[in-house]
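Residue-level structural notes
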Amino acid sequence: QVQLVESGGGLVQPGGSLRLSCAASGSIFSIYAMGWYRQAPGKQRELVAAITRGSGANTNYADSVKGRFTISRDNAKNTVYLQMNSLKPEETAVYYCNADVLTIATLRNDYWGQGTQVTVSS
């Protein structure tokens, strides 16, 4: 089994910054793409940012966060990060980590974390 545990959420003022972390553990052989999604009340879950594996890892961002958010990963720690700067009130949401994992049993599945609340408010 594989677990994803997010941390780093909280309350921040508009214009402030937060850094989210997501650590994967369990029967992991390899992790392919990792990403962050968010879901605000009454809205659908949306992709915020994603990153592929490898030294030349490709990144993908939602248009609304380009230039303000940065996704990165530490493959040795099976961890993905999301640095969020210049946060806006409308970005208040539960942020979820996602990982495309190949397990030791050679099963490939998509896994989700439990989510971490980010509240942007003065």
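The structure under discussion appears in the preceding block.
Here is a short report on the structure shown in this document.

Cut-offs used in this document
Each chain has its residues counted from 1, running along the sequence as written. Reporting in this predicted model follows two pLDDT cut-offs: at least 70 for local features of residues, and 80 or more for side-chain atom pairs to be given and counted; totals over whole chains, interfaces and linings ignore these cut-offs and use all residues. As a convention, hydrogens and water are excluded, and side-chain values are obtained from all of the structure's heavy atoms. Secondary structure elements are taken from DSSP: a helix is a run of H or I of four residues or more, a strand is a run of E of two residues or more, and numbering for both begins at the N terminus. What the globule rule says is 2.2 Å times the number of residues to the power 0.38, and the radius of gyration is computed from C-alpha atoms. Burial here depends on accessible area, computed with a 1.4 Å probe over protein chains only, as a share of the maximum for the residue type. Under 20% is buried, over 50% is exposed, and the range in between is partly exposed. Pairing between strands is defined by DSSP: at least two bridges between the two strands are required. Cysteine sulfur atoms are paired as a disulfide whenever they fall within 2.5 Å. Note on aromatic contacts: the rings of Phe and Tyr and the six-membered ring of Trp form a pair at centre separations within 6.5 Å, being stacked when their planes are under 30 degrees apart, edge-to-face when over 60 apart, and tilted otherwise. Comment: the charge-over-ring label is applied if NZ (Lys) or CZ (Arg) is within 6 Å of the ring centre and within 35 degrees of the ring normal. Two N or O atoms form a polar contact when they lie within 3.5 Å of each other; inside protein one atom must be a possible hydrogen donor and the other a possible acceptor, and for residues adjacent in sequence the pair counts only when both atoms belong to side chains. Should any heavy atoms of two residues lie within 4.5 Å, those residues are considered in contact.

Description of the overall build of the chain
When you go through the chain residue by residue, the secondary structure sums to 0 helices and 11 strands. Secondary structure elements of the chain occur, N-terminal to C-terminal, as β-β-β-β-β-β-β-β-β-β-β. The C-alpha radius of gyration of the chain comes to 14 Å, within 12% of the 14 Å expected for a compact globule of 122 residues. With respect to the three principal axes, the spread of C-alpha positions in the chain is 45 × 30 × 25 Å.

Examining the pairing of strand β9 (residues 93-103)
Put simply, side chains in a regular strand alternate between the two faces of the sheet. With respect to burial, β9 is a largely interior element, 10 of its 11 residues being buried. Relative to β9, strand β4 (residues 28-39) runs antiparallel, the two sharing 9 bridges. In the strand pairing of β9, Ile-28 is matched with Thr-103. When β9 meets strand β11 (residues 116-120), the two strands line up antiparallel, connected through 3 bridges. Bridged to Val-94 within β11 is Gln-117. In this structure, β9 lies alongside strand β10 (residues 108-112), joined through 5 bridges in antiparallel fashion. Pairing of Asn-98 across the sheet is with Trp-112, part of β10.

A closer look at the state of the cysteines
Covalent bonding between the sulfur atoms of two cysteines defines a disulfide. Tallied over the entire structure, the rule returns 1 disulfide. At a sulfur-sulfur separation of 2.1 Å, the disulfide partner of Cys-22 is Cys-97. Because the sign of the S-S torsion sets the handedness, a value of about -80° for the bond joining Cys-22 and Cys-97 places this disulfide among the left-handed ones. Of this pair, Cys-22 sits in strand β3 (residues 18-26) while Cys-97 sits in strand β9, and the two are 75 residues apart along the sequence. Residue Cys-22 is classed as buried on the basis of its relative accessible area of 0%.

Here's the deal with the packing of aromatic side chains
According to the stated counting rule, one finds 1 aromatic pair in the structure shown. Its guanidinium or amino end placed over the ring of Tyr-81, Arg-19 lies 4.1 Å from that ring's centre, counting from NZ or CZ. Seen from the ring of Trp-112, Arg-45 lies directly overhead, with NZ or CZ sitting 4.7 Å from the centre.

Some details on the side chain of Arg-68
Considering the arrangement of structural elements, one finds Arg-68 in the loop between β6 (59-61) and β7 (69-74). At a separation of 2.7 Å, a polar atom in the side chain of Arg-68 contacts the main-chain carbonyl oxygen of Ser-64. Non-local contacts of Arg-68, meaning those with residues more than four positions away in its chain, are made with Gln-83, Met-84, Asn-85, Ser-86, Leu-87, Lys-88 and Glu-91.

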